[in-house]
Amino acid sequence: MTTETPVVVGVVHQNSGPGFVVYACHLCAAHYPPQPDVLTVLAPPRRAGSAQ
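Everything numeric here is computed off the predicted structure, so don't read it as measured data. Every chain begins its residue count from 1, and numbering advances along the sequence as written. Since the coordinates come from a predicted model, pLDDT governs what is reported: local features require at least 70, and pairs of side-chain atoms require 80 or more to be given and counted, while whole-chain, interface and lining totals use all residues. Hydrogens and water molecules were not included; the side-chain quantities draw on all heavy atoms of the structure.

Turning our eyes to something else, we now look at the overall build of the protein. Scanning the protein from terminus to terminus reveals two helices and two strands. Helical segments are the DSSP runs of H or I of at least four residues, strand segments are the runs of E of at least two, and each set is numbered from the N terminus. For the protein, the succession of helices and strands along the chain, N to C, is β-β-α-α. Throughout, radius of gyration means the C-alpha value; the globule benchmark is 2.2 Å times the number of residues raised to the power 0.38. Relative to a compact globule of 52 residues, whose C-alpha radius of gyration would be 10 Å, the protein shows 17 Å and is clearly more extended. Taking the principal axes of the C-alpha coordinates as reference, the protein spans close to 55 × 25 × 10 Å. For every residue, the accessible area (1.4 Å probe, protein chains only) is compared with the maximum for its type, and the residue is labelled buried under 20%, exposed over 50%, or partly exposed between those bounds. Relative to its full complement of 52 residues, the protein shows a buried share of 10%. Considering only contacts within the protein whose residues lie at least 6 apart along the sequence, 12% involve residues at least 24 apart. Areas reported as accessible are Shrake-Rupley estimates using a 1.4 Å probe. Residue values count occlusion only from the protein chains shown. A total of about 5000 Å² of accessible surface is found on the protein, and carbon and sulfur atoms cover 60% of it. The contact criterion used is simple: two residues touch if any of their non-hydrogen atoms lie within 4.5 Å.

By convention in this document, the label disulfide applies to cysteine sulfur atom pairs within 2.5 Å. Taken as a whole and assessed by the stated rule, the structure comprises zero disulfides. Note on Cys28: no disulfide assigned, nearest cysteine sulfur contributed by Cys25 at a separation of 3.3 Å. Using a relative accessible area of 31% as the deciding quantity, one classes Cys28 as partly exposed.

This part is about the environment of Gln35. Tracing the backbone through its elements, the reader meets Gln35 in the loop between helix H1 (26-29) and helix H2 (38-41). Along the primary structure Gln35 and Val9 are separated by 26 residues, whereas in three dimensions their C-alpha atoms are 7.8 Å apart. Leave out the neighbours within four places in its chain, and Gln35 touches Val9 and Gly10.

Here Thr2 shows up in the segment before strand E1 (7-12). Using a relative accessible area of 77% as the deciding quantity, one classes Thr2 as exposed. Spatially, the C-alpha atom of Thr2 lies 8.6 Å from that of Ala24, the residues being 22 residues apart in sequence.

See the structure below:
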């Protein structure tokens, strides 16, 4: 389906090369699950010399 008012429903990140944005029409966008924030999914980096 084509639309004149696309809604961003996701962003795909890739290891090499540019990622891309996924769009949907306003009605279909409600059926897409929310995308996790990549910065909250990743574990924080360990610090050198920490007691873990």
